[in-house]
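A structural walkthrough
Here's the letter readout for the chains.
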Amino acid sequence: MAGAIPFLPAGTTLPPLPYLVAVLLAAGAVGVALRRRPPRVTGRHVLALAPWMALGSAAHVLYVVGALPRALAPLAGSPAVYLTVGSLAGATWLALATAQPERVPTLLAAAGALLLAPVVGAALATGVSPAGARWSTVSLAATVPIAAAVWVGLTRLRPETTVTGAVGALAVFGHALDGVSTAVGTTQLGFGERTPVSRILLELGGIPPVPVLGEGWVFLLVKLAVASAVVWLFAEYVRDRPSEGYLLLGFVAAVGLGPAAHNLLLFAIAA
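Predicted model only: the values in this text are computed from it and were never measured.

Description of the overall build of the protein chain
Of regular secondary structure, the protein chain possesses 10 helices and 2 strands. What you see in the protein chain, going N to C, is helices and strands ordered as β-β-α-α-α-α-α-α-α-α-α-α. Counting across all 271 residues of the protein chain, residues that qualify as buried make up 41%. Sequence separation of 24 or more characterises 75% of the internal contacts of the protein chain that already satisfy a separation of 6 or more. Summed over its atoms, the accessible surface of the protein chain is roughly 13500 Å², and 70% of this surface lies on carbon and sulfur atoms.

Topic: the side chain of Ser129
Inspection of the secondary structure assignment puts Ser129 in the loop between helix 5 (104-125) and helix 6 (130-157). Separated by 3.1 Å, the side chain of Ser129 and the backbone nitrogen of Gly132 make a polar contact.

Notes on the packing of helix 6 against helix 10 (residues 242-270)
In contact at an axis separation of 6 Å, helix 6 and helix 10 are set at 155° when each is read in the N-to-C sense. Of the possible angle classes, the one that applies to helix 6 and helix 10 is roughly antiparallel. Every residue of helix 10 that contacts helix 6 at Gly132, Ala133, Ser136 and Ser139 is listed here: Leu264, Phe267 and Ala268. Grouping the amino acids of the contact of helix 6 with helix 10 by side-chain chemistry returns 4 nonpolar, 3 polar and no charged.

A short note on the pattern of salt bridges
Under the criterion given, the structure shown has 3 salt bridges. Across the salt bridge formed by Asp240 and Arg239, the nearest N and O atoms sit 3.7 Å from each other. Since its relative accessible area comes to 49%, Asp240 is described here as partly exposed. One salt bridge connects Glu244 with Arg241, and the closest N-O pair in it is separated by 2.8 Å.

As for the environment of Ala97
As for its position among the elements, Ala97 is in helix 4 (residues 80-99). Judged by its relative accessible area of 26%, Ala97 is partly exposed. Here the alpha-carbon distance between Ala97 and Arg40, two residues 57 residues apart in the chain, equals 8.0 Å. Ignoring sequence-local partners within four residues, the contact set of Ala97 consists of Pro39 and Val104.

Regarding the packing of helix 9 (residues 217-240) against helix 10
Helix packing for two helices is described by the angle between their axes and how far apart those axes are. One way to put it is that helix 9 packs onto helix 10 with a least axis distance of 6 Å and a crossing angle of 155°. Considered as vectors, helix 9 and helix 10 are oriented roughly antiparallel to each other. Residue-level contacts link Val230, Val231, Phe234, Tyr237, Val238, Arg239 and Asp240 of helix 9 to Pro242, Glu244, Gly245, Tyr246, Leu248, Leu249 and Val252 of helix 10. Class assignment of the residues belonging to the contact of helix 9 with helix 10 gives a composition of 10 nonpolar, 1 polar and 3 charged.

A closer look at helix 10
Its 29 residues give helix 10 an end-to-end C-alpha distance of 40 Å, which sits within 8% of 42 Å, the value for a rise of 1.5 Å per residue. Where helix 10 bends most, the angle comes to about 25°, and this point is Ala254.

Concerning the nonpolar core
Leu49, Trp52, Leu108 and Val231 are the most contacted members of the largest nonpolar core, which has 41 residues in total. Of all the secondary-structure elements, those providing two or more residues to this core are helix 3 (50-64), helix 4, helix 5, helix 6, helix 7 (165-188), helix 9 and helix 10. Counting residues in each nonpolar core, the second largest holds 9 residues, with Trp135, Val184, Leu220 and Leu224 among its members.

Thoughts on a nonpolar patch on the surface
On the surface, Leu17, Val21 and Leu25 cluster together into a nonpolar patch covering about 310 Å² of accessible area. Residue placement: Leu17 occurs in helix 1 (residues 17-36).

Details of the confidence of the model for the protein chain
Confidence in the prediction of the protein chain, expressed as mean pLDDT, is 90, and 90% of residues score 70 or more. Here residues 1-8 scores under 50 on pLDDT; set against residues more than four positions off or in separate chains, the count is 13 contacts.

Description of helix 3
Taking 1.5 Å of rise per residue, 15 residues should cover 21 Å, and helix 3 covers 22 Å from first to last C-alpha, within 8% of that figure. With 13 of 15 residues buried, helix 3 lies mostly within the body of the structure. The first or second residue beyond helix 3 is Gly66, which carries a positive phi of 70°.

Some thoughts on unusual backbone geometry
The step from Ser78 to Pro79 runs through a cis peptide bond, and the omega angle for that step is 15°. Inspection of the secondary structure assignment puts Pro79 in the loop between helix 3 and helix 4. In this structure, Val212 is a non-glycine residue whose phi angle is positive, near 70°. One can find Val212 in the loop between helix 8 (196-202) and helix 9. Residue Val212 is classed as partly exposed on the basis of its relative accessible area of 32%.

What counts and how
- Residues numbered from 1 in each chain as written.
- Predicted model: local features only at pLDDT ≥ 70, side-chain atom pairs only at ≥ 80, totals over all residues.
- Heavy atoms only, no water.
- Helix = DSSP H or I, 4+ residues; strand = E, 2+ residues; numbered from the N terminus.
- Buried < 20%, exposed > 50% of the residue type's maximum accessible area, 1.4 Å probe, protein only.
- Contact = heavy atoms within 4.5 Å.
- Areas by Shrake-Rupley, 256 points an atom, 1.4 Å probe, with all protein chains shown as cover.
- Polar contact = N/O pair within 3.5 Å; in protein donor to acceptor, adjacent residues only side chain to side chain.
- Axes fitted to C-alpha atoms, helices over the stretch in contact; angles between N-to-C directions.
- Parallel < 35°, antiparallel > 145°, perpendicular 65-115°, else oblique.
- Nonpolar A, V, L, I, M, F, W, Y, C, P; charged D, E, K, R; others polar.
- Salt bridge = Lys/Arg side-chain N within 4 Å of Asp/Glu carboxyl O.
- Expected span 1.5 Å × (residues − 1).
- Bend = angle between axes of the 7 residues up to and from the residue.
- Core = buried A, V, L, I, M, F, W, Y, C linked by side-chain atoms within 4.5 Å.
- Patch = residues over 30% accessible without salt bridge, like charges linked within 9 Å, V, L, I, M, F, W, Y side chains within 5 Å.
- pLDDT = per-residue confidence, 0-100.

As structure tokens, this is what we get:
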């Protein structure tokens, strides 16, 4: 049985020992291979990982609703799912870098999307909630202009951030979507927040509510401020050391986009 880990976000568990060892060995092997034969890294390569970010979240949704086969379920718990999908993505990247080096971004994104589609389909097959699906759509629709406005404002206020390009924009969008969907989920659908710090921001008293987001607009504002600050701080790193800078900024984007994708899919089937 997986065991809960105290002092971490609710739902954080370790898989049974055999699964834990297998996941750690796989992640270690892929990590060593990547270190020995580091593939080329550009903004396009990091953007190609976006479907993989969503794949981990979608697999975890199946885990949450108990829709995975018993043999696979431990691989999709948190945090095991991140190592599972990360290892698979890294191995795919290495294979493509050897076989089709000029087409890595396109093929890497396509591989992630091909794996993501049946996982999302399996989640939706468990039953779609009309109310949840509607609020997921509202969250996505509301995020697009918010993220666009923040990105335009950031690049005008700090022109140096334009060097981060689409990866920087993805980081802002991912955190904006996480902020909007979390606020909508807690305000409109009654979902709780698993992360302690986020829960504190969402439960602040005396905050005047706004339509759709309720009191959760404070959480969204903090998310946008932090994401914008990180993109600004990473701009020089991306300019001076683009391979490392893009990878780290991609990790920042994943921290927002992953939970956001999880929210949208979970709302659509479990609300």
